[in-house]
Amino acid sequence: MAVDLLGGDHAPAVVVDGALRACHADPSLHLTLVGPAEAAGAVLAALHPAERHRITSIPGSTAAQAVADGHADAAVSAGETGATVVSAARSLGRWPGIRRPALAAVLPTVAGSVILLDVGSTVDPDPETLAIHARLGSAYATVVHDVAEPRVGLLTIGTERGKGDRLRREAPALLERLPRYAGLIEGGDVVLGEAADVVVTDGFTGNVLLKALEASYAWLGTPDQESTRAAVLLGVRGTVVVCHGAATGTDLAGGIGLAADLHRRGAVPAIAAMPVIHVNDMLTHNEVSHE
């Protein structure tokens, strides 16, 4: 796993902590630390000499570029979201038809869990982008969470048709082409998790909701609150996990663990190959990789 040593509000110390936690939790894990040599040295110094072969370092560059160059199988960063997404898209390229990748987070709910996207990558999508993100979320739910026919809901301010801003009024015409469109849902439906398996929204609203729920989980002491602290970037040709800028060492370790699990399961190639991603009437943009 390529880990961005300078990503996060409290980097590199918190990243070093997270890297060590991840190594201790997973004996088969190998890390490529991207950033200052002295920070990478702190990880090496804390490991038993017999375990230091599991750590390599690359000065400069980015975690996504390390993956593109073949130095790692996946990238993890708690750096600024926009820069991380742009770096991943440019270094790895995008899937055909994907103009704007989406960040997908898994939220604990009363009924189990729900996939929320976008949570910060695309703050001002058009209806077509929102529909494509819904399909990405559906594929993620099927491949990673074994949901055979995911129900997709559109987050808005009411369940009556026509509720919400222009984006929410126009998007249903495209979302209704999904195999199981659950219709309009409200914030409370996300917490309950009964109305939909995947909730799609713009990155601005999704990020606000995500952080509000995180604070609530922390205050209530919800055991699964860490599950919201990392998001996978869908739509790029590689496994990229983005953690919060305010991530703790535990959060970073969780993000590294998520990236490792996705890679071992071959999740990203499997998602890219899902038939739901390749529907011509939904993918009219032709801007593809390495722009």
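Here is what the cut-offs are and how they apply
Residues numbered from 1 in each chain as written. Predicted model: local features only at pLDDT ≥ 70, side-chain atom pairs only at ≥ 80, totals over all residues. Heavy atoms only, no water. Helix = DSSP H or I, 4+ residues; strand = E, 2+ residues; numbered from the N terminus. Rg over C-alpha atoms; globule rule 2.2 N^0.38 Å. Buried < 20%, exposed > 50% of the residue type's maximum accessible area, 1.4 Å probe, protein only. Contact = heavy atoms within 4.5 Å. Lys, Arg positive; Asp, Glu negative; His and termini not counted. Charge placed at Lys NZ, Arg CZ, Asp CG, Glu CD. Salt bridge = Lys/Arg side-chain N within 4 Å of Asp/Glu carboxyl O. Axes fitted to C-alpha atoms, helices over the stretch in contact; angles between N-to-C directions. Left-handed = near helix turned anticlockwise from the far one by under 90°. Nonpolar A, V, L, I, M, F, W, Y, C, P; charged D, E, K, R; others polar. Polar contact = N/O pair within 3.5 Å; in protein donor to acceptor, adjacent residues only side chain to side chain. Parallel < 35°, antiparallel > 145°, perpendicular 65-115°, else oblique. Core = buried A, V, L, I, M, F, W, Y, C linked by side-chain atoms within 4.5 Å.

A. Up close: the overall build of the chain. Assigned secondary structure in the chain consists of 11 helices and 11 strands. Rg of the C-alpha trace for the chain: 19 Å, near the compact-globule value of 19 Å for 291 residues, within the 12% margin. Seen through its C-alpha atoms, the chain measures out along the principal axes to roughly 60 × 45 × 30 Å. Burial analysis of the chain (291 residues in total) assigns 53% to the buried set. Restricting to contacts in the chain with at least 6 residues of sequence separation, those with at least 24 account for 73%. Charge-centre separation for the chain: the mean point of 21 positive side chains lies 3 Å from the mean point of 32 negative side chains.

B. Focus on the environment of Ala 63. Within the fold, Ala 63 resides in helix α3 (residues 63-68). Counting along the chain gives 177 residues from Ala 63 to Val 240, while the straight-line C-alpha distance between them is 8.8 Å.

C. View of the pattern of salt bridges. Counted according to the given criterion, the structure contains 11 salt bridges. A salt bridge links Glu 51 to Arg 54, with the nearest nitrogen and oxygen atoms 2.7 Å apart. Residue Arg 54 is classed as buried on the basis of its relative accessible area, which comes to 4%. Salt-bridge contacts for Asp 124 lead to Arg 100; the nearest nitrogen and oxygen are separated by 2.6 Å. Of the two residues, Asp 124 sits in the loop between β6 (113-117) and α5 (127-145) while Arg 100 sits in the loop between α4 (81-92) and β5 (102-108), which places them 24 residues apart along the sequence. Look at the salt bridges and you will find they share partners, linking Asp 165, Arg 168 and Asp 202 into a network.

D. Expanded view of the packing of helix α1 (residues 13-25) against helix α2 (residues 37-46). The interhelical angle for the contact between α1 and α2, taken along N-to-C directions, is 35°, at an axis separation of 10 Å. The hand of the α1/α2 crossing is right-handed. Contact with α1, carried on its side by Val 16, Ala 19 and Leu 20, involves Ala 39, Ala 42, Val 43 and Ala 46 of α2 and no other residues of that element. The class makeup of the residues in the contact of α1 with α2 is 7 nonpolar, no polar and no charged.

E. Just the side chain of Ser 77, in detail. In this fold, Ser 77 is placed in strand β4 (residues 74-77). Here Gly 79 takes part through its backbone nitrogen, which lies 3.0 Å from a polar atom of the side chain of Ser 77. Discounting residues that sit within four places of it in the chain, Ser 77 has contacts with Asp 4, Gly 7, Thr 84, Val 241, Val 242 and Cys 243.

F. Just unusual backbone geometry, in detail. Residues Ala 11 and Pro 12 are joined by a peptide bond in cis, for which omega reads 0°. Note that Pro 12 resides in the loop between β1 (2-4) and α1. In this structure, the amide linkage connecting Leu 117 to the following residue, Asp 118, adopts the cis form with an omega of 5°. Structurally, the position occupied by Asp 118 is in the loop between β6 and α5.

G. Fine view of the packing of α1 against helix α10 (residues 249-264). Running from amino to carboxyl end, α1 crosses α10 at an angle of 50°, the nearest separation of the two axes being 7 Å. Of the possible angle classes, the one that applies to α1 and α10 is oblique. In the crossing of α1 with α10, the sense of the turn from one axis to the other is right-handed. In this structure, α1 uses Val 14, Val 15, Asp 17, Gly 18, Ala 19, Arg 21 and Ala 22 to contact α10, whose residues at the interface are Gly 249, Thr 250, Leu 252, Ala 253 and Ile 256. Split into classes, the residues belonging to the contact of α1 with α10 amount to 7 nonpolar, 3 polar and 2 charged.

H. Structural view of the nonpolar core. Leu 31, Leu 33 and Tyr 140 are the most contacted members of the largest nonpolar core, which totals 67 residues. For this core, the element with the most residues is α5, which contributes 10 residues. Beyond its immediate stretch of four places on either side in the chain, Leu 31 contacts Met 1, Val 3, Ala 19, Cys 23, Arg 54, Ile 55, Thr 56 and Ile 256. Counting residues in each nonpolar core, the second largest holds 33 residues, with Ile 58, Ala 105, Leu 209 and Ala 231 among its members.

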